[in-house]
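# Structural description and commentary
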Amino acid sequence: DGTPVASGVTANASGSWSATFNIPASPSGAHAIDAQGASTRPGSVTAVSFSINPSISINRANGSPGTSVTVSGSGFGAGETGISVSYDGTSVASGVTANASGSWSATFNVPASPSGSHVIDAAGASTQKDSVPDLTFTVTPGISLSRTSGSPGTSITINGSGFSANETGISV
(Lines give C-alpha, C1' and ligand atoms only; values in the text may rest on other atoms or scores of the structure.)
Protein backbone atom coordinates (compact mmCIF):
# COMPACT_ATOMS: atom_id res chain seq x y z
CA ASP A 1 0.00 0.00 0.00
CA GLY A 2 2.98 2.28 -0.48
CA THR A 3 4.35 2.21 3.06
CA PRO A 4 7.91 0.82 3.21
CA VAL A 5 8.17 -2.13 5.62
CA ALA A 6 11.66 -3.48 4.83
CA SER A 7 14.72 -1.95 3.22
CA GLY A 8 18.40 -2.65 2.75
CA VAL A 9 17.71 -6.15 1.41
CA THR A 10 20.29 -7.59 -1.00
CA ALA A 11 19.58 -10.26 -3.60
CA ASN A 12 21.97 -13.20 -3.92
CA ALA A 13 23.85 -14.14 -7.10
CA SER A 14 20.73 -15.78 -8.55
CA GLY A 15 18.58 -12.70 -7.85
CA SER A 16 16.67 -14.23 -4.94
CA TRP A 17 16.16 -12.59 -1.56
CA SER A 18 14.02 -12.83 1.56
CA ALA A 19 12.80 -10.27 4.10
CA THR A 20 10.71 -10.64 7.25
CA PHE A 21 8.57 -7.81 8.60
CA ASN A 22 5.58 -7.22 10.84
CA ILE A 23 2.39 -6.06 9.17
CA PRO A 24 1.79 -2.46 10.29
CA ALA A 25 -1.51 -1.28 11.75
CA SER A 26 -3.93 -1.40 8.83
CA PRO A 27 -7.67 -1.36 8.28
CA SER A 28 -9.47 -4.57 7.34
CA GLY A 29 -9.43 -5.87 3.80
CA ALA A 30 -6.94 -6.64 1.07
CA HIS A 31 -3.65 -4.76 0.91
CA ALA A 32 -1.05 -4.86 -1.86
CA ILE A 33 2.53 -5.85 -1.11
CA ASP A 34 5.13 -5.17 -3.77
CA ALA A 35 8.89 -4.77 -4.08
CA GLN A 36 11.41 -2.78 -6.05
CA GLY A 37 15.17 -2.41 -6.14
CA ALA A 38 17.97 -0.28 -7.50
CA SER A 39 17.56 -1.82 -10.96
CA THR A 40 14.05 -3.31 -10.64
CA ARG A 41 11.64 -0.49 -11.39
CA PRO A 42 8.47 0.19 -9.37
CA GLY A 43 5.52 -1.50 -11.04
CA SER A 44 7.63 -4.14 -12.81
CA VAL A 45 6.90 -6.63 -10.00
CA THR A 46 3.36 -7.94 -9.77
CA ALA A 47 1.99 -7.06 -6.35
CA VAL A 48 0.59 -9.79 -4.09
CA SER A 49 -2.38 -9.37 -1.81
CA PHE A 50 -2.46 -9.76 1.97
CA SER A 51 -5.79 -9.64 3.85
CA ILE A 52 -6.09 -7.96 7.23
CA ASN A 53 -8.54 -9.63 9.60
CA PRO A 54 -10.01 -7.89 12.64
CA SER A 55 -8.81 -8.90 16.11
CA ILE A 56 -8.98 -7.75 19.71
CA SER A 57 -6.64 -7.99 22.68
CA ILE A 58 -7.11 -7.30 26.39
CA ASN A 59 -4.68 -5.80 28.88
CA ARG A 60 -5.45 -8.49 31.47
CA ALA A 61 -6.95 -11.96 31.23
CA ASN A 62 -8.33 -12.35 34.76
CA GLY A 63 -9.65 -10.45 37.75
CA SER A 64 -12.65 -10.05 39.99
CA PRO A 65 -15.86 -8.20 39.13
CA GLY A 66 -15.22 -4.47 39.05
CA THR A 67 -11.77 -4.92 37.51
CA SER A 68 -10.98 -2.39 34.77
CA VAL A 69 -10.22 -4.05 31.42
CA THR A 70 -8.97 -2.27 28.31
CA VAL A 71 -9.85 -3.89 24.99
CA SER A 72 -7.77 -2.89 21.95
CA GLY A 73 -8.98 -3.61 18.44
CA SER A 74 -7.08 -3.70 15.17
CA GLY A 75 -7.95 -4.56 11.59
CA PHE A 76 -11.37 -2.93 11.78
CA GLY A 77 -12.52 -0.60 9.02
CA ALA A 78 -10.73 2.74 8.58
CA GLY A 79 -12.75 5.21 10.65
CA GLU A 80 -15.34 2.54 11.41
CA THR A 81 -18.05 3.77 13.77
CA GLY A 82 -20.50 2.05 16.07
CA ILE A 83 -17.94 -0.32 17.57
CA SER A 84 -19.14 -2.01 20.74
CA VAL A 85 -17.51 -4.45 23.15
CA SER A 86 -19.54 -7.25 24.70
CA TYR A 87 -18.99 -9.36 27.81
CA ASP A 88 -20.94 -12.63 27.69
CA GLY A 89 -23.11 -11.09 24.96
CA THR A 90 -23.99 -7.92 26.89
CA SER A 91 -22.64 -4.58 25.68
CA VAL A 92 -20.12 -3.08 28.13
CA ALA A 93 -18.68 -0.33 25.90
CA SER A 94 -20.21 1.33 22.84
CA GLY A 95 -19.92 4.29 20.52
CA VAL A 96 -16.26 3.58 19.79
CA THR A 97 -14.70 4.78 16.51
CA ALA A 98 -11.64 3.27 14.85
CA ASN A 99 -8.82 5.50 13.58
CA ALA A 100 -7.64 5.60 9.95
CA SER A 101 -5.61 2.42 10.54
CA GLY A 102 -8.65 0.52 11.87
CA SER A 103 -7.37 0.55 15.48
CA TRP A 104 -9.30 1.55 18.62
CA SER A 105 -9.49 0.93 22.36
CA ALA A 106 -12.22 0.93 25.01
CA THR A 107 -12.21 0.35 28.76
CA PHE A 108 -14.94 -1.26 30.87
CA ASN A 109 -15.35 -2.63 34.38
CA VAL A 110 -16.08 -6.35 34.64
CA PRO A 111 -19.75 -6.69 35.61
CA ALA A 112 -20.98 -8.86 38.47
CA SER A 113 -20.43 -12.42 37.30
CA PRO A 114 -19.59 -15.81 38.79
CA SER A 115 -16.08 -17.23 38.81
CA GLY A 116 -14.89 -18.93 35.64
CA SER A 117 -14.50 -18.12 31.96
CA HIS A 118 -16.39 -15.32 30.24
CA VAL A 119 -16.38 -14.22 26.58
CA ILE A 120 -15.26 -10.79 25.37
CA ASP A 121 -16.08 -9.87 21.77
CA ALA A 122 -16.42 -6.76 19.61
CA ALA A 123 -18.25 -5.66 16.49
CA GLY A 124 -18.79 -2.48 14.53
CA ALA A 125 -20.92 -0.98 11.79
CA SER A 126 -19.10 -3.04 9.13
CA THR A 127 -17.18 -5.61 11.21
CA GLN A 128 -19.41 -8.48 12.24
CA LYS A 129 -18.79 -10.10 15.64
CA ASP A 130 -18.37 -13.51 13.98
CA SER A 131 -15.31 -12.18 12.14
CA VAL A 132 -13.60 -11.14 15.41
CA PRO A 133 -12.07 -14.04 17.39
CA ASP A 134 -13.49 -14.16 20.93
CA LEU A 135 -11.25 -13.69 23.95
CA THR A 136 -11.67 -15.31 27.35
CA PHE A 137 -11.61 -13.39 30.62
CA THR A 138 -11.47 -15.45 33.79
CA VAL A 139 -13.30 -14.10 36.81
CA THR A 140 -11.54 -14.84 40.09
CA PRO A 141 -13.10 -14.35 43.51
CA GLY A 142 -12.44 -11.08 45.30
CA ILE A 143 -13.47 -9.35 48.53
CA SER A 144 -13.70 -5.76 49.72
CA LEU A 145 -14.30 -4.08 53.07
CA SER A 146 -16.60 -1.15 53.81
CA ARG A 147 -13.72 0.35 55.80
CA THR A 148 -10.11 -0.68 56.25
CA SER A 149 -9.42 0.52 59.79
CA GLY A 150 -11.17 1.15 63.09
CA SER A 151 -11.09 0.39 66.77
CA PRO A 152 -12.34 -2.80 68.44
CA GLY A 153 -16.12 -2.93 68.21
CA THR A 154 -16.20 -1.15 64.82
CA SER A 155 -18.80 -2.66 62.50
CA ILE A 156 -17.59 -3.42 59.00
CA THR A 157 -19.12 -5.09 55.98
CA ILE A 158 -17.25 -7.50 53.76
CA ASN A 159 -18.48 -7.96 50.19
CA GLY A 160 -17.52 -10.86 47.96
CA SER A 161 -17.79 -11.16 44.21
CA GLY A 162 -16.72 -13.62 41.57
CA PHE A 163 -17.61 -16.66 43.65
CA SER A 164 -19.47 -19.56 42.04
CA ALA A 165 -23.10 -18.88 41.18
CA ASN A 166 -25.35 -19.62 44.18
CA GLU A 167 -22.35 -20.80 46.20
CA THR A 168 -23.19 -21.72 49.81
CA GLY A 169 -21.08 -22.28 52.92
CA ILE A 170 -18.92 -19.16 52.50
CA SER A 171 -16.96 -18.40 55.66
CA VAL A 172 -15.25 -15.17 56.65
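Predicted, not measured: the structure shown is a model, and the values here were computed from it.

## Brief notes about the overall build of the protein
Looking only at helices and strands, the protein features zero helices and twelve strands. Helices (α) and strands (β) of the protein occur, in sequence order from the N terminus, as β-β-β-β-β-β-β-β-β-β-β-β. Its C-alpha radius of gyration of 24 Å places the protein more than 25% over the 16 Å reference for a compact globule of 172 residues. The dimensions of the protein, computed from C-alpha atoms along their principal axes, are 85 × 35 × 25 Å. Counting only residues that meet the buried cut, the protein has 24% of its 172 residues in that class. Restricting to contacts in the protein with at least 6 residues of sequence separation, those with at least 24 account for 49%. With an accessible surface of roughly 10700 Å², the protein has 49% of that area assigned to carbon and sulfur atoms. Here the protein carries 4 positive and 8 negative side-chain charges, and the mean point of each set is 12 Å from the other.

## With respect to the side chain of His31
Positionally, His31 belongs in strand S1 (residues 29–33). In terms of polar contacts, His31 uses its side chain to reach the backbone carbonyl oxygen of Pro27, at 2.7 Å.

## Some remarks on the sheet that holds strand S9 (residues 116–123)
Read from one edge of the open sheet, five strands run S4-S10-S9-S6-S7, paired in mixed fashion. Each edge of the open sheet carries a strand with a single partner, namely strand S4 (62–63) and strand S7 (90–96). Taken together, the four bridges between strand S6 (residues 83–87) and S9 define a ladder with antiparallel strand orientation. In the sheet register, Ser86 faces S9, and the bridge partner there is Asp121.

## Some remarks on the pairing of S9
Bridge count between S9 and strand S10 (residues 135–139): five bridges; the pairing is antiparallel. Bridge assignment links Gly116 to a residue of S10, and that residue is Val139.

## A closer look at the environment of Thr157
Secondary-structure assignment places Thr157 in the loop between strand S11 (142–145) and strand S12 (158–161). Judged by its relative accessible area of 41%, Thr157 falls in the partly exposed class. Through-space distance from the C-alpha of Thr157 to that of Arg147 is 7.7 Å; in sequence the pair is ten residues apart. Setting aside anything within four residues of it in sequence, one finds Thr157 in contact with Ser144, Leu145 and Ser146.

What counts, and at which threshold
- Residues numbered from 1 in each chain as written.
- Predicted model: local features only at pLDDT ≥ 70, side-chain atom pairs only at ≥ 80, totals over all residues.
- Heavy atoms only, no water.
- Helix = DSSP H or I, 4+ residues; strand = E, 2+ residues; numbered from the N terminus.
- Rg over C-alpha atoms; globule rule 2.2 N^0.38 Å.
- Buried < 20%, exposed > 50% of the residue type's maximum accessible area, 1.4 Å probe, protein only.
- Contact = heavy atoms within 4.5 Å.
- Areas by Shrake-Rupley, 256 points an atom, 1.4 Å probe, with all protein chains shown as cover.
- Lys, Arg positive; Asp, Glu negative; His and termini not counted.
- Charge placed at Lys NZ, Arg CZ, Asp CG, Glu CD.
- Polar contact = N/O pair within 3.5 Å; in protein donor to acceptor, adjacent residues only side chain to side chain.
- Pairing = 2+ DSSP bridges.

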